[in-house]
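Architecture and fold: a report
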Amino acid sequence: MPDILDVLHARCAEIAGEAILSGADNPDLTLSTHEVEQLLDHIADLNRRYDDIALAYRELDERFTVLRRAAGEATISLQRIRATLDQRTAHPEARARQADSIARFAAETLTAARLHTGGSAST
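Residues numbered from 1 in each chain as written. Predicted model: local features only at pLDDT ≥ 70, side-chain atom pairs only at ≥ 80, totals over all residues. Heavy atoms only, no water.

A short note on the overall build of the protein chain
Put simply, the test is: The numbering of helices and of strands both runs from the N terminus, where a helix is a DSSP run of H or I of at least 4 residues and a strand a run of E of at least 2. For the radius of gyration, the atoms used are the C-alpha atoms, and the globule rule reads 2.2 Å times the number of residues raised to 0.38. Only protein chains enter the calculation, and the probe is 1.4 Å; a residue is then buried if its accessible area is under 20% of its type maximum, exposed if over 50%, and partly exposed in between. Throughout, a contact is declared for two residues whenever any of their heavy atoms are within 4.5 Å. The Shrake-Rupley method, run with a 1.4 Å probe, gives the accessible areas here. Residue values count only the displayed protein chains as cover. His is not counted here, nor are the chain ends, while Lys and Arg score as positive and Asp and Glu score as negative. Charged side chains are reduced to one point each, which is NZ for Lys, CZ for Arg, CG for Asp and CD for Glu.
When helices and strands are tallied, the protein chain shows 3 helices and 0 strands. Each helix and strand of the protein chain, ordered N terminal to C terminal, gives the series α-α-α. Taken over C-alpha atoms, the radius of gyration comes to 31 Å for the protein chain, far larger than the 14 Å a tight globule of 123 residues would show. In the protein chain, buried positions account for 16% of the 123 residues. The contacts in the protein chain between residues at least 6 apart in sequence include a share of 52% that link residues at least 24 apart. Element-wise, carbon and sulfur atoms account for 58% of the exposed surface of the protein chain, whose accessible area totals about 9,400 Å². Of the side chains in the protein chain, 14 bear a positive and 20 a negative charge, and the two mean positions are spaced by 23 Å.

Structure below.
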């Protein structure tokens with residue numbers, strides 16, 4: 001496909017040169033049927049690539065949103081763990097169990113987000 005771009009570039013340069021020499025304001029560009037076909041194929045290929053890139057971007061954006069939400073929830077869980085461990089009124093074992101429950105919930109949330117975005121649970 002780059003060949004058609006080279007042909008178009010050369011043809012446009014040639015036409016522009018002739019227009020400058022002749023003083024024409026609106027030069028005509030003539031393409032063969034084969035060149036038009038190649039140009040249309042190239043445009044269609046670019047359109048397909050754009051659609052693929054746009055789809056990939058949307059998928060990455062969705063993954064980012066899911067992971068950002070999970071990271072935010074994990075941060076809140078860490079703050080809750082810190083607050084739980086700082087409580088002096090609760091029994092130490094009760095504090096530890098509560099912190100463990102919060103940590104387990106945060107780990108499950110992060111694992112679920114990772115699995116939702118195409119990652120594996122083991123890494």
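Now that the structure is up, let's keep going.
Comments concerning the environment of glutamate 62
The topology assignment puts glutamate 62 in helix H2 (residues 33-86). Residue glutamate 62 is classed as partly exposed on the basis of its relative accessible area, which comes to 46%. Note: C-alpha distance between glutamate 62 and histidine 116 (54 residues apart in sequence) is 9.9 Å.

Topic: the packing of H2 against helix H3 (residues 92-116)
Defined as follows: To obtain each axis, a line is fitted to C-alpha atoms, and for helices this fit is confined to the stretch in contact; angles are then taken between N-to-C directions over 0 to 180 degrees. By definition in this entry, angles of less than 35 degrees are roughly parallel, angles greater than 145 are roughly antiparallel, angles of 65 to 115 are roughly perpendicular, and the rest are oblique. In this classification, the charged set is Asp, Glu, Lys and Arg, the nonpolar set is Ala, Val, Leu, Ile, Met, Phe, Trp, Tyr, Cys and Pro, and all remaining amino acids, among them Gly, are polar.
Axis separation between H2 and H3 bottoms out at 9 Å; the angle between their running directions is 175°. Here H2 is positioned roughly antiparallel relative to H3, judged by the angle of their axes. Every residue of H3 that contacts H2 at Glu62, Val66, Leu67, Ala70, Ala71, Glu73, Ala74, Ser77, Arg80, Ile81, Thr84 and Leu85 is listed here: Arg95, Gln98, Ala99, Ile102, Ala103, Phe105, Ala106, Thr109, Leu110, Ala113, Arg114 and His116. Here the residues of the contact of H2 with H3 are counted per class, giving 14 nonpolar, 5 polar and 5 charged.

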